[in-house]
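Fold and geometry: a report
Here is what each chain is made of, one letter per residue.
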Amino acid sequence: MRLATWNVNSLRSRIDRVEAFLQRHDVDVLALQETKAREEQLPLMGLQAMGYEVAAAGTNQWNGVAVISRVGLDEVEVGFPGQPGWGEPAETEARALGATCGGVRVWSLYVPNGRKPDDPHYVYKLDWLARLREAAGAWLDTPTALVGDWNICPTDDDVFDPAQFARSTHVTPPERVAFQAFLDDGYAEVTREHAPGYTYWDYYRQRFERDRGLKIDFVVASPPLAGQVTGAFIDREERAGTGASDHAPVVVDLAD
DNA sequence: ATGGTTGTGAAACAA
């Protein structure tokens, strides 16, 4: 099974790229973040014609997550127990969607950005991660993939210029501790060894052309799933050219 | 410290 995750930065504006990406790499399951659309706004006919089922959540213009699968899409769940809302009803804030696809529980995650270390949103980010960890502890014994935009650079190697990010989110010790906690519990980040390099580059200052990016998109796998990983890659070409998302897709191959 | 770009939806606001 081939599983991918991609912060698409608007599904409607990039539906053609999504369909081409699925075909180009023969992807079975795709987790999307920043879909930026209500479910009823999404153009799904093309995906359905290609044999995919779609589950989407989120109704505001900034967040939204989805899972697209051609190997089954069952037990869809939005959010996780204890997930706090943020200034609006929980359904509009949707940052987590779980679905069972081909025997794997796939969670498409859009971890809160945090904005600034002194912003209340940063506290919300850490709280959200703590509650996710609490829920994820119960999923360790089943094939589970926590995939998506974690908005954390776990090491300095994951930042093009650590000095420039010294007072920014994504690199602070509490965020890194929060990420490491999943690994301490038994989860494994399975893309890094096969697919080094950044997954996100800001639109401005020609960050992509100069490869000044961040590695913030990860596949965090439970032990039964981690043992099935045979390879991974970052589709950097998808980030090139005009009309690209600011994130590149990350693809993981799993043995049957 | 600031500014640079993109998306949504039609002015900010988030990233």
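The rules behind each value
- Residues numbered from 1 in each chain as written.
- Chains lettered and ligands numbered in written order.
- Predicted model: local features only at pLDDT ≥ 70, side-chain atom pairs only at ≥ 80, totals over all residues.
- Heavy atoms only, no water.
- UniProt positions renumbered as here; feature names shortened; annotations may be inferred.
- Buried < 20%, exposed > 50% of the residue type's maximum accessible area, 1.4 Å probe, protein only.
- Helix = DSSP H or I, 4+ residues; strand = E, 2+ residues; numbered from the N terminus.
- Arc of directions from axis to C-beta.
- Contact = heavy atoms within 4.5 Å.
- Pairing = 2+ DSSP bridges.
- Near = heavy atom within 4 Å.
- Polar contact = N/O pair within 3.5 Å; in protein donor to acceptor, adjacent residues only side chain to side chain.
- Nonpolar A, V, L, I, M, F, W, Y, C, P; charged D, E, K, R; others polar.

Looking at an unreviewed UniProt entry, one finds chain A named Exodeoxyribonuclease III, with Nocardioides aestuarii as its source organism. The Sequence similarities (unreviewed entry) field of the UniProt record for chain A holds the comment "Belongs to the DNA repair enzymes AP/ExoA family." The UniProt entry for chain A carries the following text under Cofactor (unreviewed entry): "Mg(2+)".

With that out of the way, let us pick up helix 1 (residues 15-25). Burial in helix 1 covers these residues: I15, V18, E19, F21, L22 and H25. Taken end-on, helix 1 shows its buried residues confined to a sector of 160 degrees, consistent with a single buried face. Those residues of helix 1 that are exposed and aimed more than 90 degrees away from the buried face are D16 and Q23. Structurally, helix 1 contributes buried residues whose contacts are with strand 1 (2-7), strand 2 (29-33), helix 2 (45-49), strand 4 (65-69), strand 11 (229-234) and strand 12 (250-254). Looking at the residues trailing helix 1, positive phi occurs at D26, about 55 degrees.

Once that is clear, we can look at the pairing of strand 4. Counting buried positions along strand 4 gives five out of five residues, so the element sits mostly inside the fold. Side chains of strand 4 alternate between two faces, with V65, V67 and S69 and A66 and I68 buried alike. Sheet analysis places strand 2 next to strand 4, joined by five bridges and oriented antiparallel. Note that in strand 4 the partner of L30 across the bridge is I68. Both strand 3 (residues 53-57) and strand 4 contribute to a ladder of five bridges, which runs antiparallel. If you follow A56 over to strand 4, its bridge partner there is A66.

Here Y187 lies in the loop between helix 4 (173-185) and strand 9 (188-189). When its relative accessible area of 3% is taken as the criterion, Y187 is described as buried. Each C-alpha atom of the pair Y187 and L132 lies 13 Å from the other, and the pair is 55 residues apart in sequence.

Before going further, it helps to examine the protein's contact with DNA strand B. With respect to spatial proximity, 16 residues lie near DNA strand B, and among them S10, Q61, R115, Y204 and R205 are the closest. Sugar and phosphate atoms represent 70% of those atoms of DNA strand B found within 4 Å of the protein. Side-chain polar atom of R14 to a phosphate oxygen of DNA strand B: 3.3 Å apart, as the coordinates give it. The side chain of R115 places a nitrogen or oxygen atom 2.9 Å from a phosphate oxygen of DNA strand B. Residues belonging to the surface near DNA strand B are distributed by class as follows: four nonpolar, five polar and seven charged.

The strand order across the open sheet formed by six strands is 5-6-7-8-10-9, and the pairing between neighbours is mixed. In the strand order of this sheet, the two ends are held by strand 5 (74-78) and strand 9, each with one partner.

Mapped onto the elements of the fold, S245 is located in the loop between strand 11 and strand 12. A polar contact is formed between the side chain of S245 and the backbone oxygen of N7, at a distance of 2.6 Å. There is a polar contact of 3.5 Å between the side chain of S245 and the side chain of D246. The residues touching S245, leaving out its near neighbours within four places in the chain, are W6, N7, V8, N9, R14, Y203 and R239.

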